[in-house]
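For reference, the chains in residue letters:
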Amino acid sequence: MRIQDHPILDFSKGRKVRFWFEDRELEGYEGEPIAAALHAAGVRVLSESPVRHRPRGFFCAIGNCSSCLMTVDGRPNVRVCVEALHEGMRVQKQRGGRGDLA
Amino acid sequence: MSEGGERDENTIICRCEDISLADIRRLVERGYTTIDEIKRLSRTGMGPCQGKTCRLLLMQELARATGRPPGEVALGTFRPPTKPFKLGLLVGKEGETRDSQDTGGGEDDGGQGGAAR
Amino acid sequence: MSGGPKKYDAIVVGAGPAGLSAAAELGRAGARTLVLDRDTRPGGQLVKQTHKFFGSEKQRAGTRGVEIARLLREEVAALPAVEMWLNSTVLGFYSDRVITVERVKDAPGEERREWLEKVTAPVFVLATGAAERFLPFPNNDLPGIYGAGAAQTLMNVHGVRPGRRVVMVGAGNIGLIVSYQLLQAGVEVAAIVEAAPVIGGYLVHAAKVRRAGVPILTSHTVKEAHGREALEGVTVWRLDEKWQPVPGTEKYIAADVLCLATGLSPLAELLFQAGCQMAYVPELGGHVPVHGEDLETSVPGVFVAGDVSGVEEASAAMVEGHLAGLGAAARLGLVRDLAAVAAGWRAELASLRAGPSGEKIRRGLAKLAGQTAGMAASSPAGSPVSPASAPAASAPAAPPPATSAPKPGKPGRTLSPQLTSTGEPAASELESSLPPADRRRQGPYAVIECFQEIPCDPCHKACRTGAIGPFPDINLTPAYEAAHCNGCALCVAQCPGLACFVVDENYSPSEALLKLPYEFLPLPAAGHTVDLLDRTGALVGSGRVVRVVRSRSKLATPVVWVTVPSEKVGTVRNIRVPATKGGAAE
Ligand SMILES: Cc1cc2nc3c(=O)[nH]c(=O)nc-3n(C[C@H](O)[C@H](O)[C@H](O)COP(=O)(O)OP(=O)(O)OC[C@H]3O[C@@H](n4cnc5c(N)ncnc54)[C@H](O)[C@@H]3O)c2cc1C
Ligand code: SF4
Ligand code: SF4
């Protein structure tokens, strides 16, 4: 899913890092949004909706909506579309709601 | 369930609180036709996104259900989401902001924030 | 948190084209200005716009959005009075004019830090832009259903394709442009679905995707999305004249991505919080702050600019940013004769909105102007002049054209239903874009397939021979006089609508030479054989590449010279590099 050659753009990427999604080890580039790294690895289902347990992916990509909230290194409700990826991060799906949220 | 009913169940209006078109229509049938009422009863628009994605959909549906132009639904009953109370709390708690920020409590958090105001 | 809020002379929220332009004015006037943006890079929507912009030279027309963002950034960075905080989200605007900012520091190798900060200033420019609209249909929340802007961010900022096969909803400018950008990123676009009977975006953008083979289904909408864990397909159906779906017209389209480009609505939360008087104006995108021509809201000292004040274009956002910045600086006593300084910008804004494409905005602003009447007293700096009346007044008296000079396109020309509903010009329109038969035989000439009045003029700026005359009004269609044209194809490379072509009918006894813009990879090289496509992307023959003219910068549009069988020179408008042989240059 990564664009190798683009007619107009050149992409400058950070260094390659490894991170965990559930129990899978994946690769991404440091500093890119976690959602971009997951997407590039073919992961499109990021969460389960709080009441109806529907699969959700990201929607707005700029932190407006709540479609991409995940647990990152134990922190719940992280908007992975805007949160930067780091080496060794542990990214998990949130199931059945936002837990600690009112 | 009728085909239309199932379609409405699967049409999501508010992602944060998982409210479907069918949920909204049920509330309208029970006589709740203003944004404030629906917000209070269903929490539509009060999740982390603060209504950024659902507000217009809700307005459109209420306009359709009541035969009013959307502008009137909006101007007649709509009050903006602000979170003065939650923020007031936040300001003292430097460092542990993430969770509280994401509560996104609207101006009336289904009673909780409202009581403290 | 110790002490009170940090104090500045001015605070700008949002570092998009509007906010950066406002900051530039404030900084130049010497105001200590703080610019806040939640993103990690300034530029707003511009950072993902790979296409060249419309508008006039003053708003950097013909330049790609990403470049405009860079230029604006550099302009602001050079001003010592301006400080910029990125990764800084404004959470709340309080009645005492204090705003709370959530700041994040997240550098590699350092511990992530989040903290809150309070800042205040006597004047504000709120330029938060707009958010994408969502659409109600069954399974509208499946993974793979994205806002068009989200798909664009993913591919143009982060270099990740959103999927393999996309259905786009909305044939406005965003839907058309993002479709084109998806094609450039190597993603298939199965169809563009549009509920209205006509294409809402610029028809030159529609023509670009049409000739790449993408169907535009007007009077169609999404019936439902399908998929278990993520999107697998979409059912669309036709709408009748009353916008009611017609049962039996359902079509299933396999796709792993559905992009919604169904409009934007202003991100107005902070304005509500600040207590600004708001009005619901559908033409401007929803709830917008009531404001006058000076862009001051009902709360004195709180100015707005860009999409948050009414969804429009980056060109208008920049001009509004200048006006809001000047207004705010005047409030601080840093600009002496505001009316004089602002006059030029106001005239420019009026001219951008003057044409048919600005009609909706004019209508919306007229509605809003109705609401500003009551504001005059509370806003001393405000001059609640109806912005809608400005365009008419500003229509310049066109100089009488000299005999041999190109004649400007006639305003108010009607477009064929075929063009407005499919993006393909009708025969009569194509005929009108050709020089007289005897001129065609004399040597290369340009064919300018730009029939709609849009605010755009780079073709004139590009043409050094005077064959494309000046635009007395930027909304007119280009005025072309073949007598002056030497076939240099500079217009082909410059036109942001990719609507200019050059034809040389005398290339050989049986072949003509066509010079066309080509912004895809792989780029062919001289000697390669390529497929020739018509205006709908259908294969009509094959041709030989004679030359590829490109500049060192990737940002310039390459121009491909290709041979075309003589009888097909009026039909061929695109090429495709065959996957197997001939292609794969570089
Ligand atoms: C696909 C597409 C194609 C387009 N093509 C053209 C074109 O050809 N020509 C043209 O003129 N225009 C075009 N536009 C429109 C143009 O991009 C927008 O009109 C323009 O960017 C609006 O500028 P702005 O500064 O108002 O908002 P934006 O560019 O959206 O910037 C707003 C900024 O505010 C920030 N922000 C928002 N809320 C907060 C907050 N609470 N705290 C901190 N920061 C915040 C955001 O991060 C963002 O950086 C196009 C738009 C799109 C999506
Ligand atoms: S081909 Fe050259 S001379 Fe002819 S219109 Fe275009 S820029 Fe002008
Ligand atoms: S032909 Fe001229 S006016 Fe038309 S899109 Fe191209 S540059 Fe703009």
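Treat the numbers as computed from the prediction; the structure is a model and nothing was measured.

A. Spotlight on the overall build of chain A. Looking only at helices and strands, one finds one helix and seven strands in chain A. Secondary structure elements of chain A occur, N-terminal to C-terminal, as β-β-α-β-β-β-β-β. The C-alpha radius of gyration of chain A comes to 14 Å, within 12% of the 13 Å expected for a compact globule of 102 residues. Judged by the C-alpha coordinates and their principal axes, chain A covers about 45 × 25 × 20 Å. The buried share of chain A, taken over its 102 residues, is 59%. Sequence-distant contacts, at least 24 apart, represent 44% of the contacts inside chain A between residues at least 6 apart. Counting every atom, chain A has about 4,100 Å² of accessible surface; 45% of that belongs to carbon and sulfur. Computing the positive centroid from 16 side-chain charges and the negative centroid from 13, chain A places the two 8 Å apart.

B. Molecular detail of the overall build of chain C. Along the backbone of chain C there are 15 helices and 28 strands. The C-alpha atoms of chain C give a radius of gyration of 25 Å, which matches the 25 Å a tight globule of 586 residues would have. Expressed as lengths along the three principal axes of its C-alpha atoms, the size of chain C is roughly 80 × 65 × 55 Å. For chain C, restricting intrachain contacts to residue pairs at least 6 apart in sequence, the fraction spanning at least 24 positions comes to 63%. For chain C, the accessible area works out to roughly 21,800 Å², and carbon and sulfur atoms hold 54% of it. Computed over 58 positive and 56 negative side-chain charges, the inter-centroid distance for chain C is 4 Å.

C. Broad picture of the interface of chain A and chain C. If you look at the interface, chain A gives 33 residues, while chain C gives 47 residues. Interface of chain A and chain C: buried area, both sides summed, is about 3,500 Å²; carbon and sulfur atoms make up 56% of it. Three residues stand out in chain A for area buried against chain C, namely Ile8, Arg44 and Phe59 of chain A, and they jointly supply 22% of the buried area on that side. At the junction of chain A and chain C, the tally comes to five salt bridges. A salt bridge links Asp141 of chain C to Arg56 of chain A; the shortest N-O distance between them is 2.9 Å. Scanning the region where chain A abuts chain C turns up 16 residue pairs in polar contact (both at pLDDT 80 or more). Where the side of chain A that touches chain C is concerned, the elements lending two or more residues are helix H1 (34-40) and strand S4 (55-56) of chain A. Per-element tally for the side of chain A that touches chain C: the top contributor is H1 of chain A, with three residues.

D. Focus on the environment of Val545 of chain C. All names here are of chain C. The topology assignment puts Val545 in strand S26 (residues 539-549). For the pair Val545 and Trp561, spaced 16 residues apart in the sequence, the C-alpha separation amounts to 5.8 Å. Once residues lying within four places of it in the same chain are set aside, the contact partners of Val545 are Pro524, Ala525, Ala526, Gly527, His528, Val530, Val560, Trp561 and Val562.

E. The packing of helix H1 (residues 17-28) of chain C against helix H7 (residues 314-331) of chain C, seen in detail. All names here are of chain C. The N-to-C vectors of H1 and H7 enclose an angle of 35 degrees; their axes lie 7 Å apart at closest approach. Taken as a pair, H1 and H7 cross one another with a handedness that is right-handed. In contact with Pro17, Ala18, Ser21, Ala22, Glu25, Leu26 and Arg28 of H1, H7 contributes Ala314, Ala317, Met318, Gly321, His322, Gly325, Leu326, Ala328 and Ala329. Grouping the amino acids of the contact of H1 with H7 by side-chain chemistry returns 10 nonpolar, four polar and two charged.

F. Layout of the packing of aromatic side chains. Residues and elements named next belong to chain C. Tallied over the full model, the rule gives five aromatic pairs over all chains. Grouped by ring-pair contacts, the aromatic residues Tyr180, Tyr518 and Phe520 constitute a single cluster. The aromatic ring of Trp561 is capped on one face by Lys515, whose charged end is 3.9 Å from the ring centroid.

G. Broad picture of the site of ligand 2. The full set close to ligand 2 counts 13 residues, and Cys463, Thr465, Cys485, Cys488 and Cys491 of chain C are the nearest of them. Of the residues contributing to the shell around ligand 2, the split by class is 10 nonpolar, three polar and no charged.

H. Region of interest: the nonpolar core. In terms of nonpolar packing, the biggest core is built from 102 residues, with Leu38, Phe58, Val80 and Val91 of chain A together with Ile192 and Tyr480 of chain C touching the most fellow members. Take this core: its biggest share by element is six residues, from H1 of chain A. Looking at this core, you find at least three residues from each of domain 2 (134-262) and domain 3 (417-576) of chain C. Every residue in contact with Val91 of chain A, bar those within four places of it in the chain, is listed here: Phe19, Trp20, Phe21, Glu22, Ile34, Leu38, Met70, Thr71 and Val72 of chain A.

I. Quick peek at the site of ligand 3. The environment of ligand 3 is made up of Phe54, Ile448, Cys450, Cys456, Pro458, Cys459, Phe471, Pro478, Cys495, Pro496 and Cys500 of chain C. Taken together, the residues of the shell around ligand 3 sort by class into 11 nonpolar, no polar and no charged.

J. Local environment of unusual backbone geometry. For the bond from Leu521 of chain C to Pro522 of chain C, the omega torsion is -5 degrees, close enough to zero to count as cis. Mapped onto the elements, Pro522 of chain C comes out in the loop between strand S24 (511-517) and strand S25 (529-533). In this structure, Asp73 of chain A is a non-glycine residue whose phi angle is positive, near 50 degrees. As for its position among the elements, Asp73 of chain A is in the loop between strand S5 (69-72) and strand S6 (75-79). Despite not being glycine, Leu295 of chain C has its phi angle at roughly 70 degrees, a positive value. On the secondary structure map, Leu295 of chain C appears in the loop between strand S20 (286-289) and strand S21 (302-304).

K. Region of the structure containing the packing of helix H4 (residues 173-184) of chain C against helix H5 (residues 203-210) of chain C. All names here are of chain C. Put simply, H4 and H5 touch, their axes get as near as 9 Å, and they point 30 degrees apart. With respect to H5, the element H4 is oriented roughly parallel. The chirality of how H4 crosses H5 is left-handed. Two secondary-structure elements touch here, H4 through Asn173, Leu176, Ile177, Ser179, Tyr180 and Leu183 and H5 through His205, Ala206, Lys208 and Val209. For the contact of H4 with H5, a count of residues per class yields six nonpolar, three polar and one charged.

L. Structural detail: the sheet that holds strand S1 (residues 6-7) of chain C. Residues and elements named next belong to chain C. Overall, mixed pairing links the four strands, which are arranged S1-S7-S6-S5 in an open sheet. Pairing within the sheet leaves two strands with one partner each, and these edge strands are S1 and strand S5 (88-93). Sheet topology places S5 next to strand S6 (residues 98-105); five bridges connect them, and they run antiparallel. The residue of S6 that forms the bridge with Val90 is Val101.

M. Examining the pattern of salt bridges more closely. All names here are of chain A. Scanning the model with the defined rule gives 46 salt bridges over all chains in all. A salt bridge links Glu32 to Arg2; the nearest nitrogen and oxygen atoms lie 2.8 Å apart. In this pair, Glu32 is assigned in the loop between strand S2 (24-29) and H1 and Arg2 in the segment before strand S1 (16-21), connecting sequence segments 30 residues apart. Here the two residues Glu32 and Arg2 agree in accessibility, since each one is buried.

N. A look at the environment of Pro143 of chain C. Position of Pro143 of chain C among the secondary structure elements: in the loop between strand S9 (130-132) and strand S10 (145-147). Sequence separation between Pro143 of chain C and Ala314 of chain C is 171 residues, and the spatial gap between their C-alpha atoms is 30 Å. Not counting the four nearest positions on each side in its chain, Pro143 of chain C is found in contact with Arg44, Val45, Pro55, Arg56 and Gly57 of chain A together with Glu229, Ala230 and Leu231 of chain C.

O. Expanded view of the domain arrangement of chain C. Residues and elements named next belong to chain C. Here chain C is partitioned into domain 1 (6-129 + 265-372), domain 2 (134-262) and domain 3 (417-576). Relative placement of domain 1 and domain 3: their C-alpha centres are 38 Å apart. On the domain 3 side, the residues contacting the 17 residues of domain 1 number 17 residues. On the domain 1 side of the contact with domain 3, Lys52, Phe54 and Arg64 bury the most area, a combined 40% of that side's loss.

P. Highlighting the pairing of strand S11 (residues 165-169) of chain C. Residue and element names in this part refer to chain C. For S11, a buried count of four out of five residues is recorded, marking the element as mostly surrounded by other parts of the structure. In terms of strand pairing, S11 meets strand S12 (residues 188-194) through five bridges, oriented parallel. Note that in S12 the partner of Arg165 across the bridge is Glu188. Between the parallel elements S11 and S12, the chain passes through H4 in a crossover that is right-handed. By the bridge criterion, four bridges tie S11 to strand S17 (residues 257-260) in an arrangement that is parallel. Residue pairing for S17: Val166 is matched across the bridge by Val257.

Calculation rules
- Residues numbered from 1 in each chain as written.
- Chains lettered and ligands numbered in written order.
- Predicted model: local features only at pLDDT ≥ 70, side-chain atom pairs only at ≥ 80, totals over all residues.
- Heavy atoms only, no water.
- Helix = DSSP H or I, 4+ residues; strand = E, 2+ residues; numbered from the N terminus.
- Rg over C-alpha atoms; globule rule 2.2 N^0.38 Å.
- Buried < 20%, exposed > 50% of the residue type's maximum accessible area, 1.4 Å probe, protein only.
- Contact = heavy atoms within 4.5 Å.
- Areas by Shrake-Rupley, 256 points an atom, 1.4 Å probe, with all protein chains shown as cover.
- Lys, Arg positive; Asp, Glu negative; His and termini not counted.
- Charge placed at Lys NZ, Arg CZ, Asp CG, Glu CD.
- Buried area = accessible area lost by both parts, 1.4 Å probe.
- Salt bridge = Lys/Arg side-chain N within 4 Å of Asp/Glu carboxyl O.
- Polar contact = N/O pair within 3.5 Å; in protein donor to acceptor, adjacent residues only side chain to side chain.
- Axes fitted to C-alpha atoms, helices over the stretch in contact; angles between N-to-C directions.
- Left-handed = near helix turned anticlockwise from the far one by under 90°.
- Nonpolar A, V, L, I, M, F, W, Y, C, P; charged D, E, K, R; others polar.
- Phe/Tyr/Trp six-rings, centres within 6.5 Å; stacked < 30°, edge-to-face > 60°.
- Lys NZ or Arg CZ within 6 Å of the ring centre and 35° of its normal.
- Near = heavy atom within 4 Å.
- Core = buried A, V, L, I, M, F, W, Y, C linked by side-chain atoms within 4.5 Å.
- Domains from an automatic or database assignment.
- Parallel < 35°, antiparallel > 145°, perpendicular 65-115°, else oblique.
- Pairing = 2+ DSSP bridges.
- Right-handed = clockwise from strand over helix to strand, strands pointing away.

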